[in-house]
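So you can see what is in the structure, the chains are spelled out below.
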Amino acid sequence: MEQSDDATGALRREVSAWLRDNVPGAWRESMTGTAQESFVELQRGWFQKLSAAGYATPHWPEGWLGGGRSLAQQKLIFEEVARADAPRLILYFVALYHAACTLLECGSAEQQARYLPAIQDGQIWCQGFSEPNAGSDLAALRTRAERRGDVYIVNGQKTWSTMAQYADRCLLLARNDRSGPPQAGLTYLLLDMHAPGVTVRPISQITGDDEFAEIFFDDVEVPVTERVGEEGAGWAVAQATLASERGLTLVELSQRMRSALPRLADAINAAGRGDDSALQDDFGNLLARVDATCALADRYLHKRITGEEGPGDASIVKLFYSRTLREFTLLGRRVGGFTAQCERGFMRGATQETGNWPLDFMNSYNWSIAGGSDEVQRNIIAERMLGMQREPKDWHTVERI
Amino acid sequence: MTVSTTELRDAARQVVDDLGLAADEQDTWALVAELGWLVLEMPEADSGLGLDLADACALHVELGRGLARVPFIAALLAIDTVVQSELPERADLLASLGSGDRYIGVPLAETEVQYVGGKLDGVAHGVPAADRSREVLLWSGANDCIALVAIDAPGLQLECSNTWDETRRLFDLHLEDVVPTCILARGDAAHALLRRLRMRRDFALAAEAVGGATSILERTVAYLGERQQFGRPLAMFQALKHRCADLKSQVEAATALLEAGLAQTASAHDCAAAERAGLAAKLLANNTYTHVVEEALQLHGGIGMTSEHDCHLFLKRAMLDEHLGRGRDAYARMLAGGSLYDT
Ligand SMILES: Cc1cc2nc3c(=O)[nH]c(=O)nc-3n(C[C@H](O)[C@H](O)[C@H](O)COP(=O)(O)OP(=O)(O)OC[C@H]3O[C@@H](n4cnc5c(N)ncnc54)[C@H](O)[C@@H]3O)c2cc1C
C-alpha cells in the first residue's frame, strides 16, 4: 500500500532528477505553429526516453516495464512529469491507456505478449469507434466486419479518430450482425492501419491543428486472431476501453491541471489583479475544485484496484473533470483579456494547459465531447447510479408513422 | 476510509436513521454520550477511544445527514482543546466532558473578543446550545489567548441568535470585563492551538455539510422517482435527470476532497497542508450544500415550500452553514492568497 515517507521521497528525487536531464527543452516554443513532422519527432523522442525509463506506464500491472506501481507512486510520477512541464504524450495516449487497458482486461495472452511490448517500444494506436451516424449512440455504428474463413473483411467509415493519421493499429468496433438488437452484433478487432484498403484523411480543427481524422475501410482484411473477445461480444470489450478513458486517464490529467494552476496565478498577478476580490473568489473556488478533481480521480483508481468500482463511478470523474477544466480555461480567458485573443499560434501536444487561454478553452471541449459527452455521462449517472427511470424508447415508432 | 471508520459510519447511520430527522436535542445528546462518541478522540490514556479526526468526521457526516440538533461539533472541539492543554484539572474535566454530564460550548462563527488586563471584552458568535453549557471556550486571536469562561460569570450575557435554522440553536455571548475561569494557553501555544481548532472546525463543518447535501439529494431523487406528472415519474424527464447527475458529481467531489484532506491530517505532520486541505474541504462542501439544496427546493415544486415538508430544514441549515467557521468569503480568498499577491 502507501509507501513510507522515505521511500516516497527517494522515488520523487529519482524521478525529478531523471526529468531534469531528459525533458526536451523549449518544446513549447518549438511546437508552436510547427509542422507535423517535427511534432511527431518530438513526441517519438520523448516517448522513447520516458518509456525506457519505465515512467510512461506506471499504471500498468506488475510484470511490465515500469508497471506494478502503487497508487501513491503513480500519482507521484504523473505529478513530477507535469511539474517538469514535459510535453503530454498525446500521440501515444490511446496506446498507453485505451489499447493497453483493453488488452489487459479482455485480450488473449498472445495478444498481450504481442502488443504490450510493442506499445512500450512506441507503436501508435488510434480508436475507431465513432462514425458519422454513430456518435453518442455508438451502438448504431454500421462499419461491417464479415467473417470469411480466418479473416474478417472490413468495410465502412470511422471519424474523429485522434491521431489516426500516425497510427499503426486501430481499436476497431465493427458490426458483424445486423439482425439482433444494436449492441448484440458488434465485434472488436485490432486492425493494421498499414493494411491495403485503409485510407486516412485528417480533419482540420477549430484550433488550426488536425488532431483527429476520418478513416475509410475498403475490403480490409483482419485475421481472426486479431479479434478481442468473442464474435458479437464487442460491446462489452468496448466498455473496457471507454472505462479506461473515463476514469484511469484522469489521474494523469487532473494532476496536470493542478500543476498548471501557477500559470493561471501568474497571469492574474501579471495583469496586476492579485488584489481583485472577485478574481480571488473565483480563483480560490477553482483551487478547491481542482483539488477535488484530483481526489475524485484518486478515489476512482483506488476503487478500481480494490474491485469496488460501481456503475457510473467513471462518469462522475469525467464529468467533474470536464466541468472544472472548462471553468479553469474560462477564468484564463477572462484574465487574458483582449491580448490573449490576439495570440493565434496553436501548440502541438500541449493540450489544455498552455497558458494560451482561448486555445486552452477551445481544447477543453475535447473533454466534454469526446469519450462520451457530458450529457451522456449525466444519463449514465442518473440512470445507472441514481436509479432514475429510463425514458421509453418510442421514437422509432413515432418516426415511422 | 479504514475498516473501523466504515463500521463507525454504518453504526452511526443506523442510530441517526432511528432517531429521525432533526430529532430532539436532549434525546440525541443522551445517545451520543451513551455511545461513547464524546470520548472518541480522547487518548486511551485518558480512558478515551484514541480514534482520529477522520473518525470524528465520519460521525459529523452522519449527524449532518440527520440534521441532528446536538452541539457535537462544539463538544468535540472543546474536548480536543482540553486534551491538548496542560490544565492541572485536565483529568477530572475530561471525565465529566466524556460522560456528557458537562458540555463546553465553542463559537462556530468568527468572534471578536479582546483579552486585555486579565479581562475579556467583545462578542462571541454562534455558540451552539450555550444555555446548556457550564463554560464556554473563547479566544482572542489578536492577543494569543485561549480561555474558559463560566457561563454565569459577571459581565457575560447570552443572547439567542434566533437564526432561520432552528436546529443549531446558536447564541451570541456579549462580554464586558469578564474574568475567565482559567487560561488554557497563551502566546505561541495559544496560537498553535487556535490554528488546530480552526482547522478541525473547518473539517467538522465540511463533514456535516457533505452529510446534509448527500441526504437532501437522495431525498430529491427519491421524490422525483415517485411523483408522477404527464403520466410518468418526473425522474424520467431528462432535464431533471441531468440536474440530479450534476448534483451527484458535485456531492461526490466534495466527499472525495473531504476524505483526501482528512487522510492528509492523519498522515502528514505538515500543519499548513492540513489547514489548507480544511479550507478547501469547507469551501467546496458548503458551496455544494447550498447549491444542492437550492436545486432540491425547485425540484420538489410546491410541496418543498411547505413547513411540513423537510426540504426547508436542509435549506436553512445550508444557508447558515456557509457563514460559520471563518466566514463566507474568507475561504476562497485564503486559498487564493497563497498564490495571488496584492500589487
Ligand atoms: C477532440 C475529439 C477527439 C475524439 N477522438 C475520438 C477517437 O479517437 N475515436 C473515436 O472513436 N471517437 C472520437 N471522438 C468522437 C467522440 O466520441 C464523439 O464526438 C462523441 O461520442 C459525441 O458524438 P457526436 O460527435 O456524434 O455528437 P452527437 O452524438 O451527435 O451529440 C450532439 C449533442 O447532443 C448531445 N446528445 C447526444 N445524445 C444525447 C442523449 N441521449 N441525451 C442528451 N444529449 C445527447 C451530445 O451530448 C451533444 O451535445 C472524438 C471527439 C472529439 C471532440
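Residues numbered from 1 in each chain as written. Chains lettered and ligands numbered in written order. Predicted model: local features only at pLDDT ≥ 70, side-chain atom pairs only at ≥ 80, totals over all residues. Heavy atoms only, no water.

**Q** A description of the overall build of chain A should follow, citing residues and the corresponding values.
**A** If you tally the helices and strands in chain A, you get 14 helices and 8 strands. Relative to a compact globule of 401 residues, whose C-alpha radius of gyration would be 21 Å, chain A shows 22 Å and is just as compact. With the principal axes as the frame, chain A shows a C-alpha extent of 65 × 50 × 45 Å. Residue burial in chain A is summarised as follows: out of 401 residues, 57% are buried. Within chain A, contacts between residues at least 6 apart in sequence are counted, and of these 74% link residues at least 24 apart. Put simply, chain A shows about 16700 Å² of open surface, and 50% of that area lies on carbon and sulfur atoms. For chain A, the distance from the average position of its 42 positive side-chain charges to the average position of its 54 negative side-chain charges is 2 Å. (Helix = DSSP H or I, 4+ residues; strand = E, 2+ residues; numbered from the N terminus. Rg over C-alpha atoms; globule rule 2.2 N^0.38 Å. Buried < 20%, exposed > 50% of the residue type's maximum accessible area, 1.4 Å probe, protein only. Contact = heavy atoms within 4.5 Å. Areas by Shrake-Rupley, 256 points an atom, 1.4 Å probe, with all protein chains shown as cover. Lys, Arg positive; Asp, Glu negative; His and termini not counted. Charge placed at Lys NZ, Arg CZ, Asp CG, Glu CD.)

**Q** Any details on the sheet that holds strand 2 (residues 114–116) of chain B? Residues and values, ideally.
**A** Residues and elements named next belong to chain B. One open sheet holds the 4 strands; their spatial order is 2-3-7-6, and the pairing between them is antiparallel. In the strand order of this sheet, the two ends are held by strand 2 and strand 6 (156–160), each with one partner. Across the sheet, the axes of successive neighbouring strands diverge by a mean angle of 15 degrees, strand direction being ignored. When strand 6 meets strand 7 (residues 170–178), the two strands line up antiparallel, connected through 5 bridges. Among the inter-strand pairings, Glu159 is bridged to a residue of strand 7, identified as Asp172. (Pairing = 2+ DSSP bridges. Axes fitted to C-alpha atoms, helices over the stretch in contact; angles between N-to-C directions.)

**Q** How would you sum up the interface of chain A and chain B? Please name residues and give values.
**A** Taken together, the contact between chain A and chain B spans 36 residues of the former and 39 residues of the latter. Summed over both sides, the interface of chain A with chain B buries roughly 3400 Å², with 64% coming from carbon and sulfur. Across the contact surface, chain A and chain B share 5 salt bridges. Arg299 of chain A is the salt-bridge partner of Glu252 of chain B, the closest N and O atoms lying 2.4 Å from each other. Counting the contacts that link chain A with chain B gives 12 residue pairs in polar contact (both at pLDDT 80 or more). Broken down by secondary-structure element, the contributors of at least two residues to the side of chain A that touches chain B are helix 8 (261–270), helix 9 (277–305), helix 10 (313–341) and helix 13 (374–385) of chain A. (Buried area = accessible area lost by both parts, 1.4 Å probe. Salt bridge = Lys/Arg side-chain N within 4 Å of Asp/Glu carboxyl O. Polar contact = N/O pair within 3.5 Å; in protein donor to acceptor, adjacent residues only side chain to side chain.)

**Q** Pulling in residues and values, what's your account of the sheet that holds strand 8 (residues 182–186) of chain B?
**A** The strands making up a sheet associate through backbone hydrogen bonding, with each pair oriented either parallel or antiparallel. Residue and element names in this part refer to chain B. Spatially, 4 strands are ordered 1-4-5-8 in an open sheet, and the strand pairing comes out mixed. Of all strands in the sheet, those bounded by a partner on one side alone are strand 1 (104–105) and strand 8. Both strand 5 (residues 145–150) and strand 8 contribute to a ladder of 4 bridges, which runs antiparallel. Its bridge partner being in strand 8, Cys145 is matched across the sheet by Arg186.

**Q** Run through the domain arrangement of chain A, naming residues and quoting values.
**A** Residues and elements named next belong to chain A. When cut into domains, chain A gives domain 1 (5–88), domain 2 (125–232) and domain 3 (247–385). Just the C-alpha atoms count here: the centres of domain 1 and domain 3 sit 21 Å apart. Contacts between the two partners involve 22 residues from domain 1 and, on the opposite side, 22 residues from domain 3. For the pair domain 1 and domain 3, the summed buried surface comes to about 1900 Å²; carbon and sulfur atoms form 60% of the total. If you look at where domain 1 meets domain 3, you find 2 salt bridges. Note that Arg263 and Asp85 form a salt bridge whose closest N and O atoms lie 3.5 Å from each other. (Domains from an automatic or database assignment.)

**Q** Please provide a residue-by-residue account of the domain arrangement of chain B, values included.
**A** Residue and element names in this part refer to chain B. What the domain assignment reports for chain B is domain 1 (3–99), domain 2 (104–180) and domain 3 (189–335). The C-alpha-based centres of domain 1 and domain 3 are spaced at 21 Å. Taken together, both faces of the contact between domain 1 and domain 3 bury some 2000 Å²; the carbon and sulfur share is 68%. In this structure, the connection of domain 1 to domain 3 is made through 4 salt bridges. Of the charged contacts in the structure, one is a salt bridge between Arg65 and Glu218, with a shortest N-O distance of 2.8 Å. Taken together, the links from domain 1 to domain 3 amount to 6 residue pairs in polar contact (both at pLDDT 80 or more).

**Q** Explain the site of the ligand to me, using residue names and the numbers behind them.
**A** Close to the ligand lie 17 residues; Ser136, Trp160, Ser373 and Glu375 of chain A together with Gln238 of chain B are nearest. Lying at an intersection of chains, the ligand is approached by residues of chains A and B. Between Ser130 of chain A and the ligand, the recorded distance is 2.8 Å, taken from a backbone N or O atom to an oxygen atom. Interatomic distance of 2.8 Å between a side-chain N/O atom of Thr162 of chain A and a nitrogen atom of the ligand. Within the complex, 67% of the 960 Å² of free accessible area of the ligand lies under protein. Looking at which element gives the most residues to the shell around the ligand, the answer is strand 3 (residues 151–162) of chain A, with 3 residues. Within the shell around the ligand, the residues separate by chemical class into 5 nonpolar, 11 polar and 1 charged. Each of domain 2 (125–232) and domain 3 (247–385) of chain A contributes no fewer than three residues to the shell around the ligand. (Near = heavy atom within 4 Å. Nonpolar A, V, L, I, M, F, W, Y, C, P; charged D, E, K, R; others polar.)

**Q** Break down the side chain of Glu275 of chain B for me, with residues and values.
**A** Relative to the helices and strands, Glu275 of chain B resides in helix 8 (residues 271–300). If we skip the residues at most four places from it in the chain, Glu275 of chain B touches Arg195, Met199 and Arg326 of chain B.

**Q** Describe in detail the packing of aromatic side chains, supporting the description with residues and values.
**A** Residues and elements named next belong to chain A. Using the criterion set out here, one finds 16 aromatic pairs over all chains in the structure. Between Phe39 and Tyr166 the ring centres are 6.2 Å apart and the planes differ by 55 degrees, which places this aromatic pair in the tilted class. Residue Phe39 is found in helix 3 (residues 36–52), and its partner Tyr166 is found in the loop between strand 3 and strand 4 (169–175); the two are separated by 127 residues along the sequence. For the pair Phe39 and Tyr166, a shared accessibility class is recorded, and that class is buried. Measuring from ring centre to ring centre gives 5.1 Å for Tyr115 and Trp125, while their planes differ by 90 degrees; the resulting arrangement is edge-to-face. Placement of the pair is Tyr115 in helix 6 (residues 109–120) and Trp125 in strand 1 (residues 125–128), with a sequence separation of 10 residues. Three or more aromatic residues link up through ring pairs in this structure, and these residues are Phe93, Tyr97, Tyr321 and Trp367. Directly above the aromatic system of Phe93 lies the positively charged group of Arg88, at a separation of 4.4 Å from the ring centroid. Its guanidinium or amino end placed over the ring of Phe361, Arg333 lies 4.3 Å from that ring's centre, counting from NZ or CZ. (Phe/Tyr/Trp six-rings, centres within 6.5 Å; stacked < 30°, edge-to-face > 60°. Lys NZ or Arg CZ within 6 Å of the ring centre and 35° of its normal.)

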